[in-house]
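Secondary and tertiary structure notes
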Amino acid sequence: MKFSTAITRMPIPHDPARAAEARAAFAGLDMATLDLIGGTAGCSPYLWSLMQKEAAWLPEALAGADAGLVAKVTAGFEDLDAETLGPALRRAKRRVALLAGLADLGGVWRLEQVTGALTALADRATDLALRAHLRPEIARGKLPDTDADAGGIFAMAMGKMGAAELNYSSDIDLIVLYDDEAYAPADQHEARAALIRVTRKMAATLSDNTDHGYVFRTDLRLRPDASVTPVCISASAALAYYEAEGRTWERAAYIKARPCAGNLAAGERFLADLRPFVWRKHLDFAAIQDAHDMRLRIRDHKGLGGRMTIPGHNMKLGQGGIREIEFFTQTRQLIAGGRDPALRDRGTVAALGALAHAGWVPEDIAAELADHYRQHREIEHRIQMVNDAQTHDLPRDGEGLLNIAQMMGENDLDAWSDRLRVRLERVETLTDAFFAPSDNAPMPEISAQSQAIIDRWDNYAALRSNRARQIFQRIKPDLLSRMARAAHPEEALSRFDGFLQGLPAGVQLFSLFEANPSLIDLIVDICATAPGLAAYLGRHPEVLDAVLGGSFFAPWPGMAGLHADLAQRLEARMQARDGGYERALDDARRWAHEWQFRVGVHHLRGLSDAAQVGQEYADIADAAIAALLPLVVDQLAERHGPPPGRGAVVMGMGSLGARRLNAASDLDLLVVYDAAGVDESSGRKPLAPRAWYARLTQALITALSAQTSAGRLFEVDMRLRPSGRQGPVATSVQSFRDYQLTEAWTWEHLALTRARVIAACGADGTALSDEVEALRVSVLAARGGDPRVLPDLAEMRARIFAAKAPDGAWEAKIGRGRLQDIELLAQSFALRGADRARGPEAQLRAGARHGLLPKPEVEQLLSAQRFLWRLQAAGRLLSETALNMEELGAGGQEFLLRETGCANLTDLAAQLDRTIRTAGTIIDTVLEQTPAKGG
């Protein structure tokens, strides 16, 4: 595009005489360009001086100003030595600054193009200077031999340079490091000394103000512990510092950081290693207080508080200025970027857009702040264009202020100042509401009994630190007010006390509550209703992060969606430099805890019914097993080779196989493999198939059930395998077939009716899955007609009743006419009918379908099963032990009544009694009609 046709605005010359002189100097150009040149020269002595120095170059540059500017003005600089590079870079800086200034003032380039051109020059200049001073060190033998590019040294662009947001008179913030792995231990000292010299000379080449000017003022003070460390340190030393002593402002600084010069690959590796420091795995709302404290320190240090005035206002650090928008954006990135990599954009405007897309900032607020940011940056550019001064202050005198307005194309200073004041005040309002905490909320009236509980809180571990106490003091009035509004406030407070007492630390969680008061309502709801869920939350408080993640109340993703999500997370963790198998197991636990909490909250709030909840808990278990199995296989294969033979399948038994788990369910698993005649695996340390698959099974059990720093996934039970505890933990498909057809007891065939393949591994795992399922159905067909099925079931039922009585008056699972009793009968229907049905309801219907029980009785059992499952699922969510209505409290009782459709506890007790008597009578009748064994 022709430069002149792209001009969309025009500066008004503050010095008409200088404008006329500039127009005369470039009389051969078109009128639009001449007007722009004249207006620019009439406002900016600095840009006019650049026009005079580059008069021969400018017309040609304007003809091709739309692409490749930095590459053109620095072409061939790679061949220059350090002495000639300095003047050449200064000439390149003049040219880029001149053309970018004209394109900016004329509206030819957007803000991002202007800052991008200046940043591209800074990147190029830093790299050229670094390499120019590195070459003599290598030539003189001062740098030990290494194959690493640029001797392993790299520069990290920080701040505006890292975000490609440099302005006209920006200094550049660099952290210069080197990859110590590029050198042998004996060469470390010599390499470090040489690279320190290179860094100092590089900085001088860029920042020394010579007869030719300067390239960029260069600041190396953002490096770790700058007061005592040299200008270049090793990457490992930097990592050790950040891991041990890094502060929030340094985390924020690395949001924008990127390698810009030298060994870029080493720089990217360093950033990858630093990722856990910058991006915390949990939502980090404590960063809000850190950022607010930083804002106040900057204002106090610069004396920028007080009444806002336009003359002399600091557009960067003053109230409503650029830094306010940057802090607002970066703090939200720190909060959520650890969980959502899409929020890690370096650019301020782009990051605001990402935050809005993810729901962390309202879209209208993000768009408004982005607009204010662009306007503020353009004014900042013009302040610096006037005399190439590194200042962010608007002129204090009216004439200087009018010049800035005229550079923006405005002649009415009062109107321009009024609009700017409105913008600054609006930014102040939007950002201050986010940062500034309030200590003014009134405390509600507290009873003596409640006050006695509250008085204990200062002694709890969560309130040990001053910072935790300060934040909690701010949220306490809101917390207690919301509890006072709960249906059962005393119960809510008592249970919150237990929750608070169990927390090991409080800063992060209290900051989360302060930034998201709606979470307090959720905590109050849980404490007032579900002590079991409150206890779970106390063990895993980090699951509250998921509530704010945007998808907590979205439709259920199903097993496929869950599996894809977890598999992607685990793969990313295994590939990360800070990853590894143990970290992946921690990630799987955190993932499962969040989804389990989500299921529990949806159940508690009536968003999911008991039937849906049972399937969702099973989906979580299925996804965890399917995602972890490949990792376990890979770990085993490293030493012992891939799965020998065709592979193996993991089968879910019991409630998992039936896809009906509750909040406290463990997992019944069975592993079946097919060695296909292979004698041993093919790894470095071969194993016989039986040993290989036994180790696989044990490793999978450990992956699922081991207690790690993130907790436990599931308790695992393998007793349903052939021969129970005496049998091998993994069974060959041939042994499984033979055992089921010739040795298995009736209870094992009943269990087989619920068996379901969940995951497979090996070269032919998919086909093996189909084969095992076909084998299951064939065993049911072969053994279901055995006349011993019902007598055995009757005998088993009697043993169960003798061994374990119902656990309290509200027991829904164990005992005559209860869930286990109904489900065993249902399994007998699936076995006797050789039916593929696995779930209790489907198996009961199989009884009617195969003529094993009249349909009216089946419907009665179905109704009983649904009622008892609602009671069981709700009870397991509310309490980790047997239901005790007095301990449960009124909130929990109301939840139970809602779930079971009963009006009160008396009604519930009567309904429970009628249900178990009806179901028990039907089951008694079925089994009493059966001839005794041997009869």
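Quantities reported herein were computed from a predicted structural model and do not represent experimental measurements.

1. Some remarks on the overall build of the protein
Check the secondary structure of the protein and you find 39 helices and 10 strands. Principal-axis analysis of the C-alpha atoms places the extent of the protein at approximately 120 × 75 × 55 Å. Expressed as a percentage of its 935 residues, the buried residues of the protein come to 57%. Taking the intrachain contacts of the protein between residues at least 6 apart in sequence as the baseline, contacts between residues at least 24 apart amount to 75%. Charge separation in the protein, taken as the distance between the mean sites of 107 positive and 121 negative side-chain charges, equals 2 Å.

2. Focus: the environment of Ala812
Positionally, Ala812 belongs in the loop between α34 (789-803) and α35 (819-832). Separated by 417 residues in the primary sequence, Ala812 and Pro395 place their C-alpha atoms 79 Å from one another. Discounting residues that sit within four places of it in the chain, Ala812 has contacts with Arg818, Leu819, Leu868, Leu871 and Gln872.

3. Focus: the nonpolar core
Nonpolar side chains in soluble globular proteins tend to be buried together. Ranked by internal contacts, the top residues of the largest apolar core, which has 158 residues, are Trp457, Phe496, Leu500, Leu544 and Phe597. With 17 residues, the top contributor of residues to this core is helix α28 (residues 610-640). Ignoring sequence-local partners within four residues, the contact set of Trp457 consists of Leu463, Phe472, Leu480, Leu493, Phe496, Asp497 and Leu500. Counting 94 residues, the second-largest nonpolar core is a separate cluster that includes Val73, Ala157, Phe216 and Trp416.

4. Overview of the packing of helix α23 (residues 518-529) against helix α27 (residues 581-604)
Across the interface, α23 lies against α27 with an axial gap of 11 Å and an inter-helix angle of 75°. Judged on the interaxial angle alone, α27 and α23 are roughly perpendicular. Along its contact with α23, which presents Leu522, Asp525, Ile526 and Thr529, the element α27 presents Phe597, Val601 and Leu604. Taken together, the residues of the contact of α23 with α27 break down into five nonpolar, one polar and one charged.

5. Considering the packing of aromatic side chains
A complete count under the given rule lists 12 aromatic pairs for this structure. With centroids separated by 5.2 Å and ring planes inclined at 70°, the aromatic side chains of Tyr241 and Tyr242 adopt a geometry described as edge-to-face. You'll find Tyr241 and Tyr242 in the same group, each marked buried. Look at Trp457 and Phe472: their rings are 5.7 Å apart centre to centre, the planes differ by 75°, and that puts the pair in the edge-to-face class.

6. Focus on the environment of Ile255
Considering the arrangement of structural elements, one finds Ile255 in the loop between α11 (248-253) and β5 (258-262). Given the relative accessible area of 3%, Ile255 is considered buried. C-alpha separation for the pair Ile255 and Arg346, spaced 91 residues apart in sequence, amounts to 6.0 Å. Filtering out sequence-adjacent residues up to four positions away, Ile255 remains in contact with Val278, Trp279, Gln330, Gln333, Leu334, Arg344, Asp345 and Arg346.

7. Points about unusual backbone geometry
With phi around 55°, Asp388 is a residue other than glycine that occupies positive phi space. Position of Asp388 among the secondary structure elements: in the loop between α16 (363-387) and α17 (398-407). Here Ala676, not a glycine, exhibits a phi torsion of approximately 50°, which is positive. You can call Ala676 partly exposed: its relative accessible area is 47%.

8. Some thoughts on the packing of helix α10 (residues 235-245) against helix α12 (residues 264-278)
Interaxial distance between α10 and α12 falls to 10 Å at its minimum, and their mutual angle equals 10°. Put simply, α10 runs roughly parallel to α12. Residues Ala235, Ala238, Leu239 and Tyr242 of α10 form the contact with α12, whose own contacting residues are Phe270, Asp273, Leu274 and Phe277. When its residues are assigned to classes, the contact of α10 with α12 shows seven nonpolar, no polar and one charged.

9. Examining the pattern of salt bridges
With the rule as written, the count across this model stands at 56 salt bridges. Linking Arg131 and Asp127 is a salt bridge whose minimum nitrogen-to-oxygen distance equals 3.1 Å. Taken as a pair, Arg131 and Asp127 lie in helix α7 (residues 111-139) at a separation of four residues, close to a single helical turn. Using a relative accessible area of 26% as the deciding quantity, one classes Arg131 as partly exposed. The salt bridge involving Asp219 is made with Arg221; its shortest N-O contact spans 2.8 Å. Relative accessible area serves as the criterion here: at 12%, Asp219 is assigned to the buried category. Salt bridges sharing partners connect three or more residues here, namely Arg646, Asp674, Arg737, Asp764 and Glu771.

10. What about the pairing of strand β1 (residues 153-157)?
Burial analysis of β1 places five of its five residues in the buried class, which makes it a mostly covered element. As defined by bridge partners, β1 adjoins strand β2 (residues 172-178) across five bridges and the pair is classed as antiparallel. Residue pairing across strands places Ile153 opposite Tyr178, the latter belonging to β2. Here β1 runs beside β5; their pairing, made up of four bridges, is antiparallel. Across the sheet, Phe154 pairs through a bridge with Gly262, a residue of β5.

11. Some details on the pairing of strand β6 (residues 647-653)
Burial analysis of β6 places seven of its seven residues in the buried class, the great majority of the element. Here β6 shows a buried face lined by Gly647, Val649, Met651 and Met653 and a second buried face lined by Ala648, Val650 and Gly652. Relative to strand β7 (residues 667-674), β6 runs antiparallel, the two sharing seven bridges. Within β7, the position partnered with Gly647 by the bridge is Asp674. Relative to strand β10 (residues 756-761), β6 runs antiparallel, the two sharing five bridges. Within β10, the residue paired with Val649 across the bridge is Ala760.

12. What about the side chain of Glu326?
Looking at where Glu326 falls in the secondary structure, it is placed in helix α14 (residues 322-336). At 3.2 Å, the side chain of Glu326 forms a polar contact with the side chain of Arg323. If near-sequence neighbours (up to four positions away) are discounted, Glu326 is found in contact with Lys160, Glu165, Thr348 and Tyr373.

13. Some words on the confidence of the model for the protein
Predicted confidence across the protein gives a mean pLDDT of 89, with 94% of residues reaching 70 or more. Across the protein, the secondary-structure element scoring lowest on mean pLDDT is helix α13 (residues 286-302), at 57, and the one scoring highest is β1, at 98.

14. Some words on the side chain of His640
Position of His640 among the secondary structure elements: in helix α28. Within the local environment of His640, its side chain forms a polar contact with the side chain of Arg695, the two groups lying 3.1 Å apart. Those residues in contact with His640 that lie beyond four places of it in its chain are Ser681, Ser682, Gly683, Lys685, Leu687, Trp692 and Arg695.

15. Some details on the environment of Arg307
Its place among the elements puts Arg307 in the loop between α13 and α14. Judged by its relative accessible area of 72%, Arg307 is exposed. Here the alpha-carbon distance between Arg307 and Ala25, two residues 282 residues apart in the chain, equals 45 Å.

16. Some words on α12
In a regular helix each residue adds 1.5 Å, so 15 residues correspond to 21 Å; α12 covers 19 Å between its end C-alpha atoms and thus fits that length. The sharpest bend along α12 reaches about 30° and sits at Ala272, with the proline Pro276 one to four residues further on. The set of residues buried in α12 consists of Ala266, Gly267, Phe270, Leu271, Ala272, Leu274, Phe277 and Val278. Along its buried surface, α12 packs onto β1, β2, α10, α11, β5 and α14.

17. Quick notes on the state of the cysteines
Within the structure shown, the criterion is met by zero disulfides. Here Cys232 stays free of any disulfide, with the sulfur of Cys260 as its closest cysteine sulfur at 13 Å.

Parameters at a glance
Residues numbered from 1 in each chain as written. Predicted model: local features only at pLDDT ≥ 70, side-chain atom pairs only at ≥ 80, totals over all residues. Heavy atoms only, no water. Helix = DSSP H or I, 4+ residues; strand = E, 2+ residues; numbered from the N terminus. Buried < 20%, exposed > 50% of the residue type's maximum accessible area, 1.4 Å probe, protein only. Contact = heavy atoms within 4.5 Å. Lys, Arg positive; Asp, Glu negative; His and termini not counted. Charge placed at Lys NZ, Arg CZ, Asp CG, Glu CD. Core = buried A, V, L, I, M, F, W, Y, C linked by side-chain atoms within 4.5 Å. Axes fitted to C-alpha atoms, helices over the stretch in contact; angles between N-to-C directions. Parallel < 35°, antiparallel > 145°, perpendicular 65-115°, else oblique. Nonpolar A, V, L, I, M, F, W, Y, C, P; charged D, E, K, R; others polar. Phe/Tyr/Trp six-rings, centres within 6.5 Å; stacked < 30°, edge-to-face > 60°. Salt bridge = Lys/Arg side-chain N within 4 Å of Asp/Glu carboxyl O. Pairing = 2+ DSSP bridges. Polar contact = N/O pair within 3.5 Å; in protein donor to acceptor, adjacent residues only side chain to side chain. pLDDT = per-residue confidence, 0-100. Expected span 1.5 Å × (residues − 1). Bend = angle between axes of the 7 residues up to and from the residue. Disulfide = S-S within 2.5 Å.

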